[in-house]
Each structure stands twice: as C-alpha cells, then as structure tokens.
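The lines below spell out each chain.
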Amino acid sequence: MGESLKDRVRGFDHHDQAVVPTIHALLADLRAGCPVARSEAYDGFYLVSKQDDIVTVAKDGETFSAAVQGLGAVAMVPDAETTRAPLFESDPPVHSGWRGVLQDFFTPPAVRAHEAYIREVTDQVVDEVASRGRCEVVGDLAARIPSLVIAEVMGVPRERQHELAALTRDLVAPTSVEDAHRAGAGLVEFLRAEIAERRGGSGHDVLTAVVNAEVDGRRATDAELLKYAFLMVSAGFLTTVDTISSLMLQLAEDPATRRAVAGDRSLVPKLIEEIVRHESAVAATGRTVVAETTLGGVELRPGDRLLLAWGSGTRDEQYVDDPAEFRLDRVQRGRDLGWGSGVHRCLGMHLARLELGIVFDKILSSIPEFEVAAGTEPERTYGVLRGVRHLHLSWAV
C-alpha cells in the first residue's frame, strides 16, 4: 500500500461530501492495494472494499455484530446510539425470530397485493410531471412515489399517508440543517403515535406485527420500536428514492440505453438490476467485531468497527468486468451485493423490484426522451446511502 493511498484513507469520512467526486476511484484503489483499510475518522474504523471480505463479514454473525455505534447516518431518534432496532441491528438467533415475524409481508405474492396501489400512485405522479416538460427529479418524482408506498406497506391509514409522505420527503433534500431536524422530529412524533395505536391491535400490516410480536421471550420496547420504524421508513423509502434518482441520471446521460429499454420493455428488470449494481443505494453499513479474527490479512479485536462498502463490492474486478460501465448484457458472476448478503440481505427486495419496475415502465412510456436541463449540474451524494441530491431534467411536450 503506497504512502499516498494510506494518507488518502487515513482521514476517510464517508459522510463528508468532499469524497463524492472520487469515491469510486478511491474504492478501486483500495480493492487493489488495501482491501481492509484503516481510517481514523469517528475514533477509527476499517473500510472493507472487496466482495469476498464483505460477504465473509455479512455471513458471520458470531464474529461480526450488526449493532454498531457511530458509523451510521446522523440519528434523529432519541437514544438511538444505546438502542438496538429489531431486525436491522439484531444478530442470529434473535434476528431469525424478527425476520420470521416480517417475511410473510415481503414474499412475491404479498408484495403483488400492493401492485394496483403502486400503479395508481405512479400514474398520478408521472402524468402530472410529464405535462410540465421539466422537473427536479428528487423532489418532484423520486420522493413522491416511494413515500406513499412505504406508508401503505406499514399500514398507515390512507387518510394519514400524505402526512407521513410529506415528513419523509422533507428528509430527502432539506434546505437547511434546521429543516432536517424539524422533519426528523416530526417523523419521530408521527411514528411514536402510530406505534402507540398498534399496541394490542390485530391489523395485518408490518408495523402492527412488529409492535405486538414476542421474540426471544419478550416484546420490543417503545424505544426499540421507534428506532425500527424510523429505519424501516429509511430502508423502504430513501433507498428507493436514491435508486430512482440514480437511474434517471444514468438514462439522461445514456440515451442509447434509454432508447433500447423504451423500445423493449422486457429489458426493465435488467435495467433495475444493473443500477442496483452500478450505484448501490446502500453504499456502506457498519459491523462491530465481537471475537478475535483476521480479515484481509488484518488482525481484528473485539470492539473494532468495520464499514462494509457494498457499492465497492458490486464493482469488484474479481467478479465484474468493466465495473464502471453500465451494461444490460451482464452475466452474473459472484454475488449481487446491491441487495446485501447474509441474514441481513434486503427483506424488501421483491417490493423494490416491483415498485421500480412499475415506475420505469411508466416513465419510459410517458417521457421516453429527456436530458439534463441546460445550465444545471447534477449533484450526487455519498454516505450510508448513495444517490442524487438534485437533478433537473427537461423534455419536449
């Protein structure tokens, strides 16, 4: 590992947006030169960049815990750092119990029950936007559909879904730190009220099931449920927003691919899988070492923290030819890490695939030709999530 690479990674902070322009180049260098690299940010952690190492960690819950402090997004949930969220931050065998509570809501047949609603919402939003001839993708399009879908899946009554949708959209592109915290506080209070209403309830929805489930001999506390609900909204909403936004940018800058898929809608599933690989919305998540081990030639001790760079594993040259290229003709080698790996592999991937497929089938029917609006510059993001902060598009009407 060259001294310059050591220096580059020593101060690496995944939340610092200064890393955005060079993140893929840095991760490629780390895969080649130091796949388990030490950063001194946030009191120190190891950045894991190769697919094999990421999978090793993800599949070994006895050595690496999903509960980790200090590496996630800025928490707006009270007591977030001292509370473990069911499912997201639990390890086997407890994790298996929580997954069992929820998995029936996310099977292919279960998510197809939401198809009519997703199409209805998508048609309304896209038809409205299409008539304008221009839009800011994140706020006008990408954030509007998933916010209502996740509200429906969580069982929020239809008359209150737009309230939750507005709160979640305010988290995507706040105009200030104060606005972000205001939206976060509003979302916390909304979810707290929803949890209270579900206690002892018999409704058949995700939130009611988690609130009333007994796993490992006990029910989740209010603090645990609040953190779970906040993460559920983030996992089901923000990742979909980022995937829609990233794919809209890709199609705006790649007219050949856009026209190919517009002309042959059977390519939409391949389009979705390739954007999940190319710009993984879940960019990096943490793990805590709980038993002495070695990873990538680096000795690790209990308490050490790891940051698994999923968006690097999806571009690992060992398994992916021309990883920086967006291609619909890829033959799968290795693992499709854009959906995760191990017991924490994305529970909602069937819902995400259905939703994204409906959205892009509709967009390519209603707005087959679009481009980045003149005089504007797309702005990408990086952190726990990878997406687009602002993207202005225009088209003829």
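Preceding this paragraph is the structure being described.
Rules behind the numbers
- Residues numbered from 1 in each chain as written.
- Predicted model: local features only at pLDDT ≥ 70, side-chain atom pairs only at ≥ 80, totals over all residues.
- Heavy atoms only, no water.
- Axes fitted to C-alpha atoms, helices over the stretch in contact; angles between N-to-C directions.
- Helix = DSSP H or I, 4+ residues; strand = E, 2+ residues; numbered from the N terminus.
- Left-handed = near helix turned anticlockwise from the far one by under 90°.
- Contact = heavy atoms within 4.5 Å.
- Nonpolar A, V, L, I, M, F, W, Y, C, P; charged D, E, K, R; others polar.
- Buried < 20%, exposed > 50% of the residue type's maximum accessible area, 1.4 Å probe, protein only.
- 1 Å grid on protein atoms, 1.4 Å probe; cavity = no way out; pocket = protein on both sides within 12 Å on 5 of 7 lines; lining within 4 Å.
- Points joined across faces, edges and corners; volume = space filled by probe spheres on them.
- Pairing = 2+ DSSP bridges.
- Salt bridge = Lys/Arg side-chain N within 4 Å of Asp/Glu carboxyl O.
- Core = buried A, V, L, I, M, F, W, Y, C linked by side-chain atoms within 4.5 Å.

**Q** Residue-level account of the packing of helix 6 (residues 115-130) against helix 16 (residues 349-366), with values.
**A** At a minimum axis distance of 10 Å, the contact between helix 6 and helix 16 shows a crossing angle of 35 degrees. Handedness of the crossing formed by helix 6 with helix 16: right-handed. Each of Glu115, Ile118, Arg119, Thr122, Asp123, Val126, Asp127 and Ala130 in helix 6 lies in contact with helix 16, whose residues at this interface are Leu351, Leu354, Glu355, Ile358, Val359, Lys362, Ile363 and Ser366. Split by residue class, the contact of helix 6 with helix 16 holds eight nonpolar, two polar and six charged.

**Q** An account of helix 3 (residues 51-58) is requested, with residue identities and associated values reported.
**A** For helix 3, the tally of buried residues reaches six of eight residues, placing the bulk of the element in the interior. Gln51, Asp53, Ile54, Val55, Val57 and Ala58 are the residues of helix 3 that are buried.

**Q** Which residues make up empty space enclosed by the protein, and what are the values?
**A** Tallying each qualifying case throughout the model produces one cavity of 30 Å³ or more. Lining the largest cavity are Ile23, His24, Leu27, His278, Glu279, Ser280, Ala283, Gly311, Tyr382 and Arg386. If one sorts the elements of the lining of the largest cavity by residue count, helix 2 (residues 23-33) sits on top with three residues.

**Q** Which residues make up the layout of surface pockets, and what are the values?
**A** Approximately 470 Å³ is the volume found for the second largest pocket. Glu274, Arg277, Arg330, Val331 and Gln332 are, among the 23 residues lining the second largest pocket, the residues nearest its centre. With five residues, helix 14 (residues 268-278) is the largest single contributor of residues to the lining of the second largest pocket. Looking at the lining of the second largest pocket residue by residue, the class counts come to seven nonpolar, five polar and eleven charged.

**Q** Explain the sheet that holds strand 14 (residues 392-394) residue by residue, including any values.
**A** Taken in spatial order, the three strands of this open sheet run 4-14-11, and their pairing is antiparallel. Of all the strands in the sheet, just strand 4 (134-136) and strand 11 (371-372) have a single pairing partner and so form its edges. Where strand 4 meets strand 14, three bridges bridge the pair, whose relative direction is antiparallel. From the neighbouring strand, glutamate 136 faces strand 14, where its bridge partner is histidine 392.

**Q** Would you mind going over the pattern of salt bridges in detail, with residue names and values included?
**A** The final tally for this structure, using the stated rule, is 38 salt bridges. Between aspartate 29 and arginine 8 there is a salt bridge, and its shortest N-O distance comes to 2.8 Å. One end of the pair, aspartate 29, is in helix 2; the other, arginine 8, is in helix 1 (residues 3-10), with 21 residues separating them in the sequence. When its relative accessible area of 33% is taken as the criterion, aspartate 29 is described as partly exposed. A salt bridge links glutamate 189 to arginine 192, with the nearest nitrogen and oxygen atoms 2.5 Å apart. Separated by three residues within a single helix, glutamate 189 and arginine 192 lie in helix 10 (residues 177-198), roughly one turn from each other. According to the relative accessible area criterion, glutamate 189 is partly exposed, its value standing at 46%. Residues participating in the shared-partner salt-bridge network are Arg160, Glu194, Glu197, Arg198 and Asp205.

**Q** Please provide a residue-by-residue account of the nonpolar core, values included.
**A** If you look at the biggest cluster of nonpolar residues, it comprises 88 residues, and the most contacted ones within it are Met154, Leu191, Met248, Phe360 and Phe370. Sort the elements by how many residues they give to this core and helix 12 (residues 222-253) lands first, with 15 residues. If near-sequence neighbours (up to four positions away) are discounted, phenylalanine 360 is found in contact with Ile244, Leu247, Met248, Leu251 and Ile272. Judged by nonpolar contacts, the second largest core, of 21 residues, contains Phe12, Leu30, Ala41 and Ala309.

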